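Architecture and fold: a report
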Amino acid sequence: MTHRTPDPAPATPTPASAAPPASTTPASASAPGNTPTGAPGPPTGAPGPATATPGPASGDTPARRGPAAGSRRLTVAQALVEFLGRQYTERDGRRQRLITACWGIFGHGNVAGLGQALLESGPDTLPFLQGRNEQAMVHAAVGYARQCDRLSAQAVTTSIGPGATNLTTGAALATVNHLPVLLLPGDTFATRPADPVLQQLEAGYAGDVSVNDCLRPVSRYFDRITRPEALIPAALQAMRVLTDPAATGAVTLALPQDVQAEAFDWPDAFFADRVWRVARPAPDPAVLADAARAVRAARRPLIVAGGGVHHSGAEDALRSLADATGIPVATTQAGKGSLRHDHPCEVGGIGHTGTAVADDLARTADLVLGVGTRYTDFTTASGTLFADPGVRFVNLNITGFDAHKLGALAVVADARAGLTALTEALAGYRVDDAHRARYTAGKERWERLVDAAYAAGDPAARPSQTQVLGALDALVGDEDVIVNAAGSLPGDLHKLWRARSRRQYHLEYGYSCMGYEIPAAIGVKLAAPDRPVWALVGDGTYLMMPTEIVTAVQEGIGITVVILQNHGYASIGGLSAQVGAERFGTAYRYRDPGGHYTGDPLPVDLAANAASLGMEVHRVTTVGELPAALAAARAARHPTCVHVEVETADTVPGAPAAQAWWDVPVAQTATRPAAVAAREEYDRRAAARRRHL
């Protein structure tokens, strides 16, 4: 038996420490998508060829023939688990496990395949994590991957039917946000011994369609493994996409339940350690020179930092560029924390949920340097924010599709490599004193607004949402992580939160998926077990997906869930009022005599619900009780909840109003006065839209 270097990422004894330590051991590797040469063989003491029970589709048996020379006889599921346990990424000389664990809920479509394979291989090969909801398992894996800078990821296995289709929302979230997750749904029989089998979708126009085809449009790579030998190229393609910074997202390998259990003679080389090098492509020198000339010619430049800064680990490079040039830096939701909040050039969030100073700079900028951003409608204020007639864009992005947006000069490169090269090309350049004085004064004015929103006020009063954020802001350190995705919290956090470290601010706003926060917090905690992790949720989001609390309790994953109870969809309620829909259907209340939801609040006790799922719960009813409850939760080492009844933005002052527009079309014809007035305002705002060419 051949030997190999010991795993740099040893198997984790408990899920709470599933984040593998990085290794500086050099490895021979190829660029993503290529099989490395010279990969070492199996480890000393590795199990020998396995004898597997044949699957329903196979007439072959172990007694009929043994494994061929240089091969191992395993089922498809066993081979896949063994393969995944030997995949690594390497960036900047640091190697880590690529797939560190597999989430799963078992049903008839995967219990005898992947379930048996995970049991047989044991946690040293691929640790197993038990989930409660298939969508939530994907969210947990996505949270984990983001915290790991996309260099490590997790797999998710489900049965066929509803288990598989429940993956779709999580897959869309992963792909929209360019975050890697490996999906392994069971599928209906490849051999079709009976049609239909339980949970099979019959499509009259095609015999090869299953519900897993729902995952095609939301996956970066999709394959259905209808023969054992097809797993080899499919598995390699899956790893290529997962490790490609420009193409990563959800990867789906649909596994028919009969094929999962079918035995095959797998070449030993399939199970050799394979290292996928995540390269840092440098910018083209001519394009870089053009970008530097464009920046030097600008009088009012602005940097927009997106999530690509974090994924590349480019925060130090961005800070060096800002220090050298004095160019102000505004951040998207995904990019917040690219600079510390107290850096002189950091001007806060940009766009519809941005700060006044950042949006003012955007309106008057004559050059915008976008770094790792997709320019969503929230960032551009639906095409109305960058208003200077002569504004031009230079976009640095690993993905050419995003780099070319807004008619930009496209610098297609790794964010860190590109920023480092641009800083060198701009040697001696600085913005003028007037530009720097302008944004410095604007930043100071905004900080006073933040202080006012956070101010505690009457200790006996019911707290507002911003006062809860203020109490949390006063408590946390650089190591804390704040997780959020939906509701009114993303807007308040983007405007107000003072990010202290590169991965403190974890907002999923590409898909803004209600229910993301709790499972994602579990994923973050698995990746960073020593960091306090906070899932901030409104009651609407909590009711969408609280079930993974049970997983946190089961595994001893010490997250803190802060529930802000405001009895409805507060964010959409506010938007509804703005667009003339009069908050219709957005409150959690009994019906009034007229049939509308304006009666008394529902007698729902979310604190009791969280306690019933196994959490320690702290109830907060006044501003004065907030600091002690949050501190107690932070000190706990087990899953904890802080439940706060909050005042709503229509009853007490909250965060400053939106500083830029967002396009939500309003009815062109209506009889109700609110809608008529809202349409007039909409037409006025929409007239400012432009296309940048």
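This text gives an overview of the structure that appears in the document. (Residues numbered from 1 in each chain as written. Predicted model: local features only at pLDDT ≥ 70, side-chain atom pairs only at ≥ 80, totals over all residues. Heavy atoms only, no water.)

For the rest of this paragraph, the subject is unusual backbone geometry. Cis geometry is found at the peptide bond from aspartate 195 to proline 196, where omega equals -5 degrees. In this structure, proline 196 sits in the loop between strand S7 (181-187) and strand S8 (221-224). Positioned with a positive phi, histidine 178 is a non-glycine residue whose angle comes to about 55 degrees. Along the polypeptide, histidine 178 turns up in the loop between helix H5 (167-176) and S7. Positive phi outside glycine occurs at leucine 406, with the angle close to 65 degrees. On the secondary structure map, leucine 406 appears in the loop between helix H13 (400-403) and strand S17 (409-412). (Helix = DSSP H or I, 4+ residues; strand = E, 2+ residues; numbered from the N terminus.)

This part takes up the pairing of strand S18 (residues 481-484). Across the two faces of S18 the burial is the same, with Val481 and Val483 and Ile482 and Asn484 all buried. Direction of pairing for S18 relative to strand S20 (residues 533-538): parallel, over a ladder of 3 bridges. Residue pairing in the sheet places isoleucine 482 in a bridge with tryptophan 534 of S20. Judged from the 3 bridges that link them, S18 and strand S19 (residues 505-507) form a sheet pairing that is parallel. Bridge pairing links asparagine 484 to leucine 507 in S19. (Buried < 20%, exposed > 50% of the residue type's maximum accessible area, 1.4 Å probe, protein only. Pairing = 2+ DSSP bridges.)

Here we take up the side chain of histidine 494. Within the secondary structure, histidine 494 is located in helix H17 (residues 489-496). According to the relative accessible area criterion, histidine 494 is buried, its value standing at 1%. Separated by 2.7 Å, the side chains of histidine 494 and threonine 353 make a polar contact. In contact with histidine 494, not counting residues within four places along its chain, are Thr331, Thr332, Gln333, Lys336, Gly349, Ile350, Thr353, Gly354 and Tyr505. (Polar contact = N/O pair within 3.5 Å; in protein donor to acceptor, adjacent residues only side chain to side chain. Contact = heavy atoms within 4.5 Å.)

On to the environment of threonine 100. You can see threonine 100 is positioned in strand S4 (residues 99-104). By relative accessible area, threonine 100 is classed as buried at 4%. Distance in space between the C-alpha atoms of threonine 100 and alanine 577 is 46 Å, their sequence separation being 477 residues. Within the structure, the side chain of threonine 100 is placed 2.9 Å from the side chain of tyrosine 144, a separation counted as a polar contact.

Take the sheet that holds strand S2 (residues 87-91) next. If you walk across this open sheet you meet the 3 strands as S3-S2-S11, and the pairing is mixed. Here the strands that pair on one side only, and so sit at the sheet edges, are strand S3 (94-97) and strand S11 (274-277). For this sheet the average axis-to-axis angle between neighbouring strands, irrespective of direction, equals 30 degrees. Bridging between S2 and S3 involves 4 bridges; their strand directions are antiparallel. Within S3, the position partnered with arginine 91 by the bridge is arginine 94. (Axes fitted to C-alpha atoms, helices over the stretch in contact; angles between N-to-C directions.)

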